[in-house]
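# Architecture at a glance
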Amino acid sequence: MQSSRGSYRVRREHHVIRWIFLTLLALVVAYGVCLGVSAYGMYATANDAKNQYSELSNQMSTHDFDAAAQTALKLDDTVSQLKQESTGWQWSLALQIPYVQDDVQVMQGMVEGLQQASDGALVPVAKAYQRLSSDGVVVSGSVSLQTALQNPNDVTAFVQSLGDAQQALQTSKASVDALGSAHLEVLNSLKDNMSSSLDSAASGLSGAGKLLEGLDKLKALVASR
């Protein structure tokens with residue numbers, strides 16, 4: 001009788017252990033699926049950001065500033081989405097896992113760099129440019145000096161936003177370049193692409209052609225008011 005009870009207790013303990021093991025395994029698998037789905041979504045969003053940076057650079061190089069302002073604001077929405085995706089519970093948990101945490105830190109560092117560029121450069125310049133456009137200071141990418149005299153505050157804000165944007169883009173690029181190497185080569189490739197995109201955006205702002213050629217005149221006009 002005693003032996004029978006002992007065998008029953010052993011079987012019961014094995015059953016409990018097996019149930020706990022299967023439950024933990026199911027949770028690990030479920031977490032892996034959630035992390036994988038989130039990673040895929042983030043990769044797709046990051047590619048959208050990369051493409052929008054390329055589009056922005058092309059628009060600035062062809063002096064299509066109206067379109068560039070729209071793209072900059074659209075890019076800000078994409079970066080905000082990327083920021084939200086990168087701070088989900090899946091990634092907070094992944095930061096506690098050795099080896100995986102290195103790649104997560106690189107990924108989140110890239111997103112933070114893009115957020116800095118968007119908040120400190122692209123959005124302020126886009127909004128300042130749109131104010132110039134709505135006031136008629138800029139028409140189809142060309143500066144109307146007569147209208148600029150009537151809107152000195154908008155001109156000053158735009159000139160200031162360009163100077164601040166250059167510094168913000170340089171800081172953002174430096175932070176991305178300073179990130180360590182990831183274990184996943186796809187992250188390293190994405191990091192290099194993002195760094196190049198930030199560099200192209202900075203070059204686009206500094207050499208934007210017709211509009212920027214009038215900045216010295218705009219500054220002089222504002223100073224003479």
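Note that the structure is a prediction, hence the values are computed from the model and not measured. (Residues numbered from 1 in each chain as written. Predicted model: local features only at pLDDT ≥ 70, side-chain atom pairs only at ≥ 80, totals over all residues. Heavy atoms only, no water.)

### Section: the overall build of the protein
Helices and strands together make up the secondary structure of the protein, namely nine helices and two strands. Moving toward the C terminus, one meets the helices and strands of the protein in the order α-α-α-α-β-β-α-α-α-α-α. Expressed as a percentage of its 225 residues, the buried residues of the protein come to 40%. Across the protein, the fraction of contacts at a sequence separation of at least 24, relative to all contacts at a separation of at least 6, is 75%. For the protein, the exposed surface amounts to about 12400 Å²; the carbon and sulfur share of it is 56%. (Helix = DSSP H or I, 4+ residues; strand = E, 2+ residues; numbered from the N terminus. Buried < 20%, exposed > 50% of the residue type's maximum accessible area, 1.4 Å probe, protein only. Contact = heavy atoms within 4.5 Å. Areas by Shrake-Rupley, 256 points an atom, 1.4 Å probe, with all protein chains shown as cover.)

### Let's talk about the environment of Lys173
Mapped onto the elements of the fold, Lys173 is located in helix H6 (residues 152-177). Residue classification places Lys173 among the partly exposed positions, given a relative accessible area of 21%. Sequence spacing of Lys173 and Gln116 is 57 residues, and the spatial spacing of their C-alpha atoms is 9.5 Å. Beyond its immediate chain neighbours, meaning those up to four positions away, Lys173 contacts Ser195, Leu198 and Asp199.

### A closer look at the packing of helix H4 (residues 100-134) against H6
Contact pair H4 / H6: the axes reach a minimum separation of 8 Å and the direction vectors enclose 165 degrees. The pairing of H4 with H6 is recorded here as roughly antiparallel in orientation. The hand of the H4/H6 crossing is left-handed. When the residues that make up the contact of H4 with H6 are grouped by side-chain class, the tally is 17 nonpolar, seven polar and three charged. (Axes fitted to C-alpha atoms, helices over the stretch in contact; angles between N-to-C directions. Parallel < 35°, antiparallel > 145°, perpendicular 65-115°, else oblique. Left-handed = near helix turned anticlockwise from the far one by under 90°. Nonpolar A, V, L, I, M, F, W, Y, C, P; charged D, E, K, R; others polar.)

### Quick notes on a nonpolar patch on the surface
A surface patch of nonpolar side chains, amounting to about 270 Å² of accessible area, comprises Tyr43, Leu184 and Val186. Secondary-structure assignment places Leu184 in the loop between H6 and helix H7 (185-206). (Patch = residues over 30% accessible without salt bridge, like charges linked within 9 Å, V, L, I, M, F, W, Y side chains within 5 Å. Salt bridge = Lys/Arg side-chain N within 4 Å of Asp/Glu carboxyl O.)

### So, the pattern of salt bridges
Under the criterion given, the structure shown has two salt bridges. With its nearest N and O atoms 2.5 Å apart, the salt bridge here joins Lys83 to Glu112. Remark: Glu112 occurs in helix H4 and Lys83 occurs in helix H2 (residues 65-86); sequence separation between them is 29 residues. Classification of Lys83 as partly exposed rests on a relative accessible area of 27%. One salt bridge connects Lys173 with Asp177, and the closest N-O pair in it is separated by 2.7 Å. Taken together, the residues span about one helical turn, with Lys173 and Asp177 both in helix H6 at a distance of four residues.

### What about the layout of surface pockets?
Size it by volume and the largest pocket reaches roughly 400 Å³. In terms of lining residues, the largest pocket is bounded by 22 residues, among which Ala39, Trp91, Met107, Leu184 and Leu187 are the most central. Going through the elements one at a time, helix H1 (2-61), H4 and H7 are the ones with two or more residues in the lining of the largest pocket. Residue contributions to the lining of the largest pocket peak at seven residues, all from H4. When the residues that make up the lining of the largest pocket are grouped by side-chain class, the tally is 20 nonpolar, one polar and one charged. (1 Å grid on protein atoms, 1.4 Å probe; cavity = no way out; pocket = protein on both sides within 12 Å on 5 of 7 lines; lining within 4 Å. Points joined across faces, edges and corners; volume = space filled by probe spheres on them.)

### Looking at H2
Taking 1.5 Å of rise per residue, 22 residues should cover 32 Å, and H2 covers 31 Å from first to last C-alpha, within 8% of that figure. Looking at H2, one finds that the buried residues are Phe65, Ala68, Ala69, Thr71, Ala72, Leu75, Asp76, Thr78, Val79, Leu82 and Ser86. (Expected span 1.5 Å × (residues − 1).)

### Regarding the confidence of the model for the protein
When pLDDT is averaged along the protein, the result is 75, and 68% of the positions lie at 70 or above. Of all secondary-structure elements in the protein, the lowest mean pLDDT belongs to helix H8 (residues 210-213), at 54, while H2 reaches the highest, 86. (pLDDT = per-residue confidence, 0-100.)

### Notes on the environment of Gln105
Structurally, Gln105 can be placed in helix H4. Classification of Gln105 by relative accessible area gives partly exposed; the value is 44%.

### Some remarks on the packing of H2 against H4
Look at H2 against H4: their axes get within 8 Å of each other, and the N-to-C directions meet at 150 degrees. Classified by the angle between their axes, H2 and H4 sit roughly antiparallel to one another. When the axes of H2 and H4 are compared, the crossing they make is left-handed. Of the residues that constitute the contact of H2 with H4, the class distribution is 14 nonpolar, eight polar and six charged.

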